[in-house]
Amino acid sequence: MLLYLDIDGVLIPGPDDHGNTPSTHTIHHVTPTGYDTPVTIWLNPRHGSQIQDLLADTGLAPVWCTSWRSDASRLIAPLLGFPAWPHVPLPRLPLTTSHPGGYLWKRDYLARHAADAPLAWIDDDFTTSDHTWAVARTTSGRPTLLVQPEHRLGLQAGHLLTIKSWAATVTAAGPASHSA
């Protein structure tokens, strides 16, 4: 079972209408690949242990699925106490929208990466089409859970509980329930 994790809007929620960041988050300055100067980000330090606990409790294998690409392990993971994780190899596309085909642009790349594995995917930018895809994937024997935090709130404890419950259900159902 795989856990795909986005960063922007999930671990780094958007600022409120006044430009404020959540009081639960700590400000950091990182320099992503291709940047000459650092960018300001904010992370909730509790997310590190919360996600590590989720992984330990469920056996989910974490994979970054973010436009941060390999910078997720280089820049974000150390700030949350994570080791380096693999990432979905997303291309750098000239996008004008996150949904050029009516669904989240990362989905096709994630689907290839996951193959037939059960997966939970946390991203703040799903469309109705993505949810329909997840239901179809689950119906075909590949359990799929989409968790969509609100962009300005980011990842919450309830999202992790939802994933933990889903993973327990998938594990209890056994491998026969999610073979292709």
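Since we're looking at a predicted model, the values are computed, not measured.

Definitions and limits used
- Residues numbered from 1 in each chain as written.
- Predicted model: local features only at pLDDT ≥ 70, side-chain atom pairs only at ≥ 80, totals over all residues.
- Heavy atoms only, no water.
- Axes fitted to C-alpha atoms, helices over the stretch in contact; angles between N-to-C directions.
- Helix = DSSP H or I, 4+ residues; strand = E, 2+ residues; numbered from the N terminus.
- Parallel < 35°, antiparallel > 145°, perpendicular 65-115°, else oblique.
- Contact = heavy atoms within 4.5 Å.
- Nonpolar A, V, L, I, M, F, W, Y, C, P; charged D, E, K, R; others polar.
- Left-handed = near helix turned anticlockwise from the far one by under 90°.
- Buried < 20%, exposed > 50% of the residue type's maximum accessible area, 1.4 Å probe, protein only.
- Pairing = 2+ DSSP bridges.
- Salt bridge = Lys/Arg side-chain N within 4 Å of Asp/Glu carboxyl O.

Caption draft 1: Highlighting the packing of helix α1 (residues 46–58) against helix α5 (residues 157–173). Two elements in contact, α1 and α5, have axes whose closest approach is 10 Å; the angle formed by their N-to-C orientations is 10°. When the interaxial angle is binned, α1 and α5 end up roughly parallel. Here Gln50, Ile51, Leu54, Asp57 and Thr58 of α1 come into contact with α5, specifically with Leu160, Ile163, Lys164 and Ala167. Residues that form the contact of α1 with α5 fall into these classes: five nonpolar, two polar and two charged.

Caption draft 2: Up close: the packing of helix α3 (residues 107–114) against helix α4 (residues 128–139). Running from N to C, α3 and α4 point in directions that differ by 20°, and their axes come no closer than 12 Å. In this view, α3 runs roughly parallel relative to α4, as classed from their interaxial angle. With respect to the hand of their crossing, α3 and α4 are arranged in right-handed fashion. Contacts between α3 and α4 pair Arg107, Leu110, Ala111 and Ala114 from the former with Ser129, Asp130, Trp133 and Arg137 from the latter.

Caption draft 3: Region of interest: unusual backbone geometry. Not every positive phi belongs to a glycine, and Arg69 is a case in point at roughly 45°. By the element assignment, Arg69 lies in the loop between β4 (61–64) and α2 (71–80). We note that Ala115 has phi near 55°; this positive angle belongs to a residue other than glycine. Turning to its location among the elements, Ala115 is positioned in the loop between α3 and β5 (119–122). Residue classification places Ala115 among the partly exposed residues on the basis of a relative accessible area of 44%.

Caption draft 4: Structural context of the sheet that holds strand β1 (residues 2–5). Spatial strand order, β4-β1-β5-β6: four strands in an open sheet with parallel pairing. For this open sheet the edge positions go to β4 and β6 (144–147), each flanked by a neighbour on one side alone. Sheet twist, expressed as the mean angle between neighbouring strand axes with direction ignored, is 20°. Across four bridges, β5 lies against β6 in parallel orientation. Each residue of the ladder has a partner; that of Ile122, found in β6, is Val147. Of the strands in this sheet, β5 and β6 are in contact with α4, which crosses β6 at around 155°.

Caption draft 5: Examining the pattern of salt bridges more closely. A full pass over the atoms with the stated rule returns seven salt bridges. Of the charged contacts in the structure, one is a salt bridge between Arg74 and Asp71, with a shortest N-O distance of 3.0 Å. A residue pair is termed a helical-turn pair when its members lie 3 or 4 positions apart in one helix, as Arg74 and Asp71 do in helix α2 at three residues. Overall, Arg74 belongs to the partly exposed group, its relative accessible area being 46%. Asp71 sits in the buried class, given a relative accessible area of 5%. Salt-bridge contacts for Asp130 lead to Arg107; the nearest nitrogen and oxygen are separated by 3.1 Å. Of the two residues, Asp130 sits in helix α4 while Arg107 sits in helix α3, which places them 23 residues apart along the sequence. With respect to burial, Asp130 and Arg107 carry one shared label: buried.

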